[in-house]
Amino acid sequence: MAAAGRVKVGIIGSGFEADIHAESFRIMPDAAEVVAIASPTAGHAARLAERYGIPRVFTDYREMLREPDIEMVTITAPNSLHAQMTVDIANAGKHVVCEKPLCMTLDEADLMIETCKQRGVLLLYAEELYFTPKYVKAKEMADQGAFGKVYLVKQSEKHFGPHADWFWDVEQSGGGVFMDMGCHGIAFCHWFLGRPAIKSVYCQMATHVYGDKTRGEDDVICVIEFANGATGLVEDSWARRGGMQDRIEVHGSEGLTLADLHMGNALPTYSEHGYGYAVEKAPTTKGWTWPVFEELWNYGFPQEMHHFARCVRGAEEPQATGEDGRIVMEALYAGYHSAGTGRKVALPFRPEGVRIPIDLWKPKQQ
Ligand SMILES: NC(=O)c1ccc[n+]([C@@H]2O[C@H](COP(=O)([O-])OP(=O)(O)OC[C@H]3O[C@@H](n4cnc5c(N)ncnc54)[C@H](O)[C@@H]3O)[C@@H](O)[C@H]2O)c1
């Protein structure tokens, strides 16, 4: 008999994104409940468990996978762990929600997709921009023909660098800001345009600020040529001062729309003293800041997790899958290779022996 009721969820990881997943399930509680959390940093996991009323805490995620009632597991661990965790979760017969970027290599992506298929479980790719209300609205208007033929879609995310140390270590992250945030922009443009094939990718990248911390790039511009004739422009930076920016532009033959995720959901605020909670990626709350209200909802995280739980129950068709993550991974490969060669790179692009994507830009000096 098919399972019913709320989907029982386990979370792997207890850092930044684990908190977002737990909070998202709390905000939209009717489809799922978090019953366990697993992280080697036991203290952090216990703190999250206490805050969200999660009854079971594990230090080894493989132990959590032995719990028979857990149906769906979300991965919020560093990128280098996504593939092995996905395989382990699928082999335990549980559905997988994997944070972006899907993994480190195309070989890993293929293995993840194949294993989940064989085990009969869903591989759900956590790209929240498919659920971001402002961006969904822009897509609905475009799909109704409001802008005529859409020929240019831009997505940009910029701030002053990541919150956790592992992002600087390309062995764990796979690259710099292009791996971290370019994956959002590529996925966004592809999804927005109705998932046309990607014909080519051109990228320019550099390390302007963090050369002493990482081999990764901290600034990138990426131009994507789609088979339907449209262009995607993805701009990302870890070098931007002044807080976080996330915005899109959509240009068509008969109109356009512009959306800034934070402006319009924020309170333009000036304070000489600062205030008690952090504004994401802003170095201070003194002076001018733009604190966002209902932040997770405005990003689309609760809607995303709710959708994934309903997919597990068969109530909705997955809108973000391992295949989407794989398409993004191929474009990431092409982007790094383009930056390394100074040339536009045509897809399909499947170089052999890639260990981590950034090696396609800057091969490691032995
Ligand atoms: N969708 C988004 O907008 C978004 C935002 C932030 C992060 N992410 C993604 O989420 C993932 C995690 O990023 P984060 O910002 O939460 O990092 P983080 O450093 O804040 O948290 C990582 C967590 O992984 C745990 N971890 C490390 N090794 C582990 C292991 N072997 N088993 C179980 N847990 C382990 C750590 O203890 C930590 O709790 C990354 O893939 C990142 O790209 C996505």
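Computed from a predicted structure; not experimentally measured.

Caption draft 1: Here's a closer look at unusual backbone geometry. For the peptide bond that leads from Lys100 to Pro101, omega is -20°, which places it in the cis range. Structurally, the position occupied by Pro101 is in the loop between β5 (95–99) and α5 (106–119). A cis geometry characterises the amide bond from Leu347 onward to Pro348, with omega recorded as 0°. When you line up the elements, Pro348 lands in the segment after β15 (345–346). For Arg195, which is not glycine, the phi dihedral falls at a positive 60°. Positive phi, normally seen in glycine, also occurs at Glu294, with a value near 45°. Mapped onto the elements of the fold, Glu294 is located in the loop between β14 (287–289) and α9 (295–299). Residue Glu294 is classed as exposed on the basis of its relative accessible area, which comes to 54%.

Caption draft 2: A look at the site of the ligand. Near the ligand there are 27 residues, and of these Ser14, Glu17, Asn79, Lys100 and His163 occur at the shortest range. The separation between an oxygen atom of the ligand and a polar side-chain atom of Thr41 is 3.1 Å. Separating a nitrogen atom of the ligand from a side-chain N or O atom of Glu99 is a distance of 3.0 Å. Elements represented by at least two residues in the shell around the ligand include exactly α1 (16–27) and α4 (82–91). Shared between two domains, the shell around the ligand holds at least three residues of each, these being domain 1 (7–128 + 301–320) and domain 2 (130–298 + 328–346).

Caption draft 3: Inspection of the nonpolar core at higher detail. Counting 116 residues, the largest nonpolar core has Phe178 and Phe188 as the members making the most contacts within it. Sort the elements by how many residues they give to this core and helix α8 (residues 177–192) lands first, with 11 residues. The residue makeup of this core includes at least three contributed by each of domain 1 (7–128 + 301–320) and domain 2 (130–298 + 328–346).

Caption draft 4: Seen up close, the pattern of salt bridges. In the structure shown here, the tally under the stated rule is 24 salt bridges. Across the salt bridge formed by Arg350 and Asp110, the nearest N and O atoms sit 2.9 Å from each other. A residue pair is termed long-range when its members are at least 10 positions apart, and Arg350 in the segment after β15 and Asp110 in helix α5 qualify at 240 residues. Given a relative accessible area of 36%, Arg350 falls into the partly exposed group. A residue is classified by how much of its surface remains accessible, and Asp110, at 28% relative accessible area, is partly exposed. Here Lys199 makes a salt bridge to Glu225, at a shortest N to O gap of 4.0 Å. Taken together, the residues Lys199 in strand β8 (residues 198–206) and Glu225 in strand β9 (residues 219–226) connect sequence positions 26 residues apart.

Caption draft 5: The packing of α1 against helix α10 (residues 301–312), seen in detail. Running from N to C, α1 and α10 point in directions that differ by 75°, and their axes come no closer than 8 Å. Here α10 runs roughly perpendicular to α1, going by the angle between their axes. Each of Glu17, Ile20, His21, Ser24, Phe25 and Ile27 in α1 lies in contact with α10, whose residues at this interface are Phe301, Pro302 and Met305. Grouping the constituent residues of the contact of α1 with α10 by class yields six nonpolar, two polar and one charged.

Caption draft 6: How the structure looks around the environment of Asn79. Tracing the backbone shows Asn79 in the loop between β4 (72–75) and α4. Take Asn79: its relative accessible area is 4%, and that puts it in the buried class. Along the primary structure Asn79 and Ile248 are separated by 169 residues, whereas in three dimensions their C-alpha atoms are 25 Å apart. Apart from residues lying up to four places away in sequence, Asn79 is in contact with Lys100, Pro101, Cys103, Met104, Trp166, Gln172 and Ser173. Separated by 3.0 Å, the side chain of Asn79 and the backbone oxygen of Ser173 make a polar contact.

Caption draft 7: Representation of the sheet that holds β15 in the model. The strand order across the open sheet built from seven strands is β12-β11-β7-β10-β9-β8-β15, with neighbouring strands paired in mixed fashion. Every interior strand has two partners, whereas the edge strands, β12 (255–260) and β15, have only one. In terms of strand pairing, β9 meets strand β10 (residues 231–237) through seven bridges, oriented antiparallel. Across the sheet, residue Asp219 finds its bridge partner in β10, namely Ser237. Here helix α6 (residues 133–143) sits on the sheet in contact with β7 (150–158), β11 (245–252) and β12, set at roughly 170° to β12. Across the sheet, helix α11 (residues 322–341) touches β8 and β15, and the angle it forms with β8 is around 50°.

Caption draft 8: Region of the structure containing a nonpolar patch on the surface. On the surface, Met263, Tyr270, Trp288 and Trp290 cluster together into a nonpolar patch covering about 450 Å² of accessible area. If you trace the backbone, Tyr270 turns up in strand β13 (residues 269–271). When its relative accessible area of 45% is taken as the criterion, Tyr270 is described as partly exposed.

Rules used throughout
Residues numbered from 1 in each chain as written. Predicted model: local features only at pLDDT ≥ 70, side-chain atom pairs only at ≥ 80, totals over all residues. Heavy atoms only, no water. Helix = DSSP H or I, 4+ residues; strand = E, 2+ residues; numbered from the N terminus. Buried < 20%, exposed > 50% of the residue type's maximum accessible area, 1.4 Å probe, protein only. Near = heavy atom within 4 Å. Polar contact = N/O pair within 3.5 Å; in protein donor to acceptor, adjacent residues only side chain to side chain. Domains from an automatic or database assignment. Core = buried A, V, L, I, M, F, W, Y, C linked by side-chain atoms within 4.5 Å. Salt bridge = Lys/Arg side-chain N within 4 Å of Asp/Glu carboxyl O. Axes fitted to C-alpha atoms, helices over the stretch in contact; angles between N-to-C directions. Parallel < 35°, antiparallel > 145°, perpendicular 65-115°, else oblique. Contact = heavy atoms within 4.5 Å. Nonpolar A, V, L, I, M, F, W, Y, C, P; charged D, E, K, R; others polar. Pairing = 2+ DSSP bridges. Patch = residues over 30% accessible without salt bridge, like charges linked within 9 Å, V, L, I, M, F, W, Y side chains within 5 Å. Areas by Shrake-Rupley, 256 points an atom, 1.4 Å probe, with all protein chains shown as cover.

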